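Results of the structural survey
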Amino acid sequence: MLLILEYLPIALFFIFYLIGDIFIATGVLMIGTVLQILGLKFMREVITPRHWIILGVVLVFGAITLLLRDEWFIKIKVTIIYLAIALLLLIGLWWRKQSPLQSLLGHEIKLPAFAWRRLTYAWVIFTLTLAVVNLYIAEYMSLDVWVNFKVFGTLAATIVFTVLTGAYMFRHHTDIEKDSEEIE
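The shown structure was predicted, so the numbers you read here are calculated from the model rather than taken from an experiment.

Calculation rules
- Residues numbered from 1 in each chain as written.
- Predicted model: local features only at pLDDT ≥ 70, side-chain atom pairs only at ≥ 80, totals over all residues.
- Heavy atoms only, no water.
- Patch = residues over 30% accessible without salt bridge, like charges linked within 9 Å, V, L, I, M, F, W, Y side chains within 5 Å.
- Areas by Shrake-Rupley, 256 points an atom, 1.4 Å probe, with all protein chains shown as cover.
- Salt bridge = Lys/Arg side-chain N within 4 Å of Asp/Glu carboxyl O.
- Helix = DSSP H or I, 4+ residues; strand = E, 2+ residues; numbered from the N terminus.
- Buried < 20%, exposed > 50% of the residue type's maximum accessible area, 1.4 Å probe, protein only.
- Polar contact = N/O pair within 3.5 Å; in protein donor to acceptor, adjacent residues only side chain to side chain.
- Core = buried A, V, L, I, M, F, W, Y, C linked by side-chain atoms within 4.5 Å.
- Contact = heavy atoms within 4.5 Å.
- Expected span 1.5 Å × (residues − 1).
- Phe/Tyr/Trp six-rings, centres within 6.5 Å; stacked < 30°, edge-to-face > 60°.
- Lys NZ or Arg CZ within 6 Å of the ring centre and 35° of its normal.

To continue, consider a nonpolar patch on the surface. Together, Leu 3, Tyr 7, Leu 155, Ile 159 and Val 163 line one region of the surface with nonpolar side chains, adding up to about 460 Å² of accessible area. Broken down by secondary-structure element, the contributors of at least two residues to the nonpolar patch are α1 (2–19) and α7 (143–183). With 3 residues, α7 is the single largest residue contributor to the nonpolar patch. Relative to the helices and strands, Leu 155 is located in helix α7. The exposure class of Leu 155 is partly exposed, given its relative accessible area of 30%.

The following block contains the structure:
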């Protein structure tokens, strides 16, 4: 159910883009993102800072898109979200001297500090790459290409990168278990 809720706004955006236009899809995306937060609250799930950032950016840029009837704002929103994620990861790593990923997942997954740092930098590079690619497609390609990239391209890239992240975590998680066994 959480997986459905996670992708509900973008799925609704795509469906309403196909049957309507970018402006109808934008309004539906805004409503879908609010419903996502309400659904998480109703299910008593944790609403992460990422959810709040996405909600804020979707509502602000969605409203600007609808008020000005300018599709550029909805396209640029994606780049801003990826830049915000990269910035939050870096601030957490440099200011707090601990990976934000470790703060979120460290109670479930035990990794050495260097592995958390590398993982954080990898996610920073990944989100910055998606930001740049989104900006390029938004600027130089058609709206249809951008919508397909937003819905399918970023989803596929994120799934692949998440699997690679899991493999990296598994590799280093086993190292910690081996270290613990050797100490005993």
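Okay, back to it.
Okay, the side chain of Thr 120 next. With respect to the element layout, Thr 120 can be found in helix α6 (residues 113–140). A residue is classified by how much of its surface remains accessible, and Thr 120, at 0% relative accessible area, is buried. A polar contact is formed between the side chain of Thr 120 and the backbone oxygen of Trp 116, at a distance of 2.8 Å.

Moving on: the nonpolar core. In terms of nonpolar packing, the biggest core is built from 36 residues, with Phe 13, Ile 22, Leu 119, Trp 123, Trp 146 and Val 147 touching the most fellow members. Those elements that provide at least two residues to this core are α1, α2 (22–42), α4 (71–95), α6 and α7. When sequence neighbours within four positions are dropped, the list of residues in contact with Trp 146 reads Phe 13, Ile 22, Ile 74, Lys 75, Val 78, Asn 134, Ile 137 and Ala 138.

For α4, which comprises 25 residues, the first-to-last C-alpha distance of 36 Å matches the rise-based estimate of 36 Å (1.5 Å per residue) to within 8%. One side-chain oxygen at the N-terminal end of α4 lies 3.0 Å from the backbone nitrogen of Trp 72; it belongs to Asp 70. One or two positions beyond α4, positive phi appears at Lys 97, with a value near 60°.

One pass over the full model with this rule turns up 6 aromatic pairs. Each ring, one from Phe 14 and one from Phe 152, has its centre 5.0 Å from the other, and the planes form 80°; the classification is edge-to-face. With Phe 14 in helix α1 and Phe 152 in helix α7, this residue pair connects regions lying 138 residues apart in the sequence. With a centroid separation of 4.3 Å and an interplanar angle of 0°, the aromatic rings of Phe 126 and Phe 161 are classed as stacked. Placement of Phe 126 in helix α6 and of Phe 161 in helix α7 is noted, with a sequence separation of 35 residues between them. With a relative accessible area of 11%, Phe 126 lands in the buried category. A network of ring pairs unites the aromatic residues Trp 123, Phe 126 and Phe 161 as a single cluster. Over the face of the ring belonging to Phe 23 we find Arg 69, whose NZ or CZ atom lies 4.1 Å from the ring centre.

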